[in-house]
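Here are the chains, one letter per residue:
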Amino acid sequence: MRFETRRNKTVSPRTRRLRVVGVLCAALAATLVTGCGQEGGDKTAAATSEAAKVLPKQTTSPSGSASPSGTAQLTEEQTKRKDLLSTVKVTFDKAATTAVGEVSGGKLTDLDLEGLDDDSDDSASPSPEGSSSPGASPSGTGSPSPSGSSTGPKWVAEVAEADGTAHEVTVDAVTGKVIDSGPDAEQSDADKQKLADQLAQVKQTPEQAAKVATDKQDGTVTSVALDENDSQVLVWQVEVVTADWNKTTFDVDAAKGTITDEQVDDD
């Protein structure tokens, strides 16, 4: 309302200002602010009004699509992997070295991070209390992680002697200490012979197979196991958890070191 009134009364003042603009432009600053700058002020006010409408949209949309939506999209299995791996301090290769050191002349045939993508009762310990405090969830007391007790995350390994005798070695995944070690009491003579024959065919170490897998897909190795595929080819099955908490399983030929199969588990 006030701007319209000023426009109706500015005919004669503007005419007078135009006559003396060369003389008074420098001296009468106030007149220039209220008179000559009137149209500029109107345009500036209009631009400011438009900017006020646009800026909130620009600032709210990025923040609304940041990390919360990524967290909300995690599946139950992805959340379990994230929670468990956040408590693990000992990597696959270090656990493998520790396990093999428990058996004289032994060779690693299986190493698995317990509780990851399995249905055992032990797997429930890392995640039942929620993902906000994964380090304290295994026992509820907060002591497993610093003390390295058997209720914390564990690497479970199978290490075989040259004759196929298998030993099970459990390594604390936080401290790297051996929790338990001993021969497999349920192993039959036939099992021993089969394992010995398989070891004689292996040319690639589990560490080499793990490197082949992670060279193809960057991530964290959570399991390596010697097995036969559907074509009866001896392979290392390597499980890798990627940054998006999906799991990819690679079959790496145990003799040639080439990938023969690749499966993504995005559950």
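Scroll up for the structure.
This write-up is about the structure you can find in this document.

Overview of the overall build of the protein
Per the secondary structure count, the protein includes 11 helices and 8 strands. When burial is assessed residue by residue, the protein has 33% of its 267 residues classed as buried. Pairs at least 24 residues apart make up 55% of the contacts formed inside the protein by residues separated by at least 6 positions. A total accessible area of about 15700 Å² is found for the protein, and carbon and sulfur atoms account for 51% of it.

Points about the nonpolar core
Among the nonpolar cores identified, the biggest contains 38 residues, and Leu 111, Leu 113, Trp 155, Trp 236 and Val 238 are the most heavily contacted of them. Here this core gets 5 residues from one element, more than from any other, and that element is strand S6 (residues 234-241). The residues touching Val 238, leaving out its near neighbours within four places in the chain, are Ala 209, Ala 210, Ala 213, Val 221, Ser 223, Val 224, Thr 248, Thr 249, Phe 250 and Val 252.

Considerations on the side chain of Gln 198
As for its position among the elements, Gln 198 is in helix H10 (residues 189-201). Overall, the relative accessible area of 10% leaves Gln 198 in the buried class. Beyond its immediate stretch of four places on either side in the chain, Gln 198 contacts Leu 226, Glu 228 and Leu 234.

Quick word on the sheet that holds strand S7 (residues 247-253)
Read across the sheet, 8 strands follow the order S4-S3-S2-S1-S5-S6-S7-S8 without closing on themselves; strand pairing throughout is antiparallel. Strand pairing shows two members of the sheet lacking a second neighbour, strand S4 (178-183) and strand S8 (259-265), which therefore form its edges. Between one strand axis and the next, the sheet turns by 20° as a mean value, whatever way the strands run. In the sheet, S6 pairs with S7 via 7 bridges, with the strands oriented antiparallel. Within S7, the position partnered with Trp 236 by the bridge is Val 252. Its contacts with the sheet place helix H11 (residues 206-216) against strand S1 (107-113), strand S5 (220-228), S6, S7 and S8, and it is angled at close to 50° to S6.

Let's talk about the layout of surface pockets
Of the pockets and cavities examined, the largest pocket occupies roughly 240 Å³. Elements represented by at least two residues in the lining of the largest pocket include exactly helix H8 (92-100) and S5. Looking at which element gives the most residues to the lining of the largest pocket, the answer is S5, with 3 residues. Taken together, the residues that form the lining of the largest pocket break down as 10 nonpolar, 5 polar and 1 charged.

So, unusual backbone geometry
With a phi angle near 65°, Gln 232 is a residue other than glycine that sits in the positive phi range. Mapped onto the elements, Gln 232 comes out in the loop between S5 and S6.

Comments concerning the pattern of salt bridges
Within this structure, the stated rule accounts for 7 salt bridges. Between Lys 80 and Glu 77 there is a salt bridge whose closest N-O contact spans 3.9 Å. Here Glu 77 and Lys 80 lie together in helix H7 (residues 76-85), a separation of 3 residues that amounts to about one turn. Take Lys 80: its relative accessible area is 33%, and that puts it in the partly exposed class. The exposure class of Glu 77 is partly exposed, given its relative accessible area of 25%. Here Asp 265 ties to Arg 81 by a salt bridge, and the two come within 3.5 Å at their closest N and O atoms. One end of the pair, Asp 265, is in strand S8; the other, Arg 81, is in helix H7, with 184 residues separating them in the sequence. Taking relative accessible area as the criterion, Asp 265 reaches 24% and is therefore assigned partly exposed. Its relative accessible area of 0% is what places Arg 81 among the buried residues. Beyond isolated ion pairs, a larger network of salt bridges with shared partners links Glu 76, Glu 77 and Lys 80.

Thresholds applied
- Every chain is numbered on its own, with residues counted from 1 as its sequence reads.
- Per-residue local features are limited, in this predicted model, to residues with pLDDT of at least 70; the limit for side-chain atom pairs, both in listing and counting, is 80 or more; totals at the level of whole chains, interfaces and linings are taken over all residues.
- The side-chain quantities take in all heavy atoms of the structure and omit both hydrogens and water.
- Helix and strand labels come from DSSP, where a helix needs a run of H or I of at least four residues and a strand needs a run of E of at least two; each type is numbered from the N terminus.
- Throughout this description, buried means an accessible area under 20% of the type-specific maximum (1.4 Å probe, protein chains only), exposed means over 50%, and partly exposed covers the range between.
- Contact definition: two residues touch when any of their heavy atoms are within 4.5 Å.
- Throughout, the Shrake-Rupley method with a 1.4 Å probe supplies accessible areas, and for residues the shown protein chains are the sole cover considered.
- The criterion is simple. A nonpolar core is a set of buried Ala, Val, Leu, Ile, Met, Phe, Trp, Tyr and Cys residues joined through side-chain atoms within 4.5 Å.
- Should DSSP find at least two bridges between two strands, the strands are taken to pair.
- Only the stretch in contact is used when fitting a helix axis, every axis being a line fitted to C-alpha atoms; angles between N-to-C directions are given from 0 to 180 degrees.
- Only protein atoms enter the 1 Å grid used here, on which a cavity is any set of points holding a 1.4 Å probe that cannot leave and a pocket is any open set flanked by protein within 12 Å on both sides along at least five of seven lines; residues with an atom within 4 Å of a point are listed as lining.
- Grid points are joined across faces, edges and corners, and a volume is the space filled by probe spheres set on the points.
- In this classification, Asp, Glu, Lys and Arg are treated as charged, Ala, Val, Leu, Ile, Met, Phe, Trp, Tyr, Cys and Pro as nonpolar, and every other residue, Gly included, as polar.
- The working definition used for a salt bridge is a side-chain nitrogen of Lys or Arg within 4 Å of a carboxyl oxygen of Asp or Glu.

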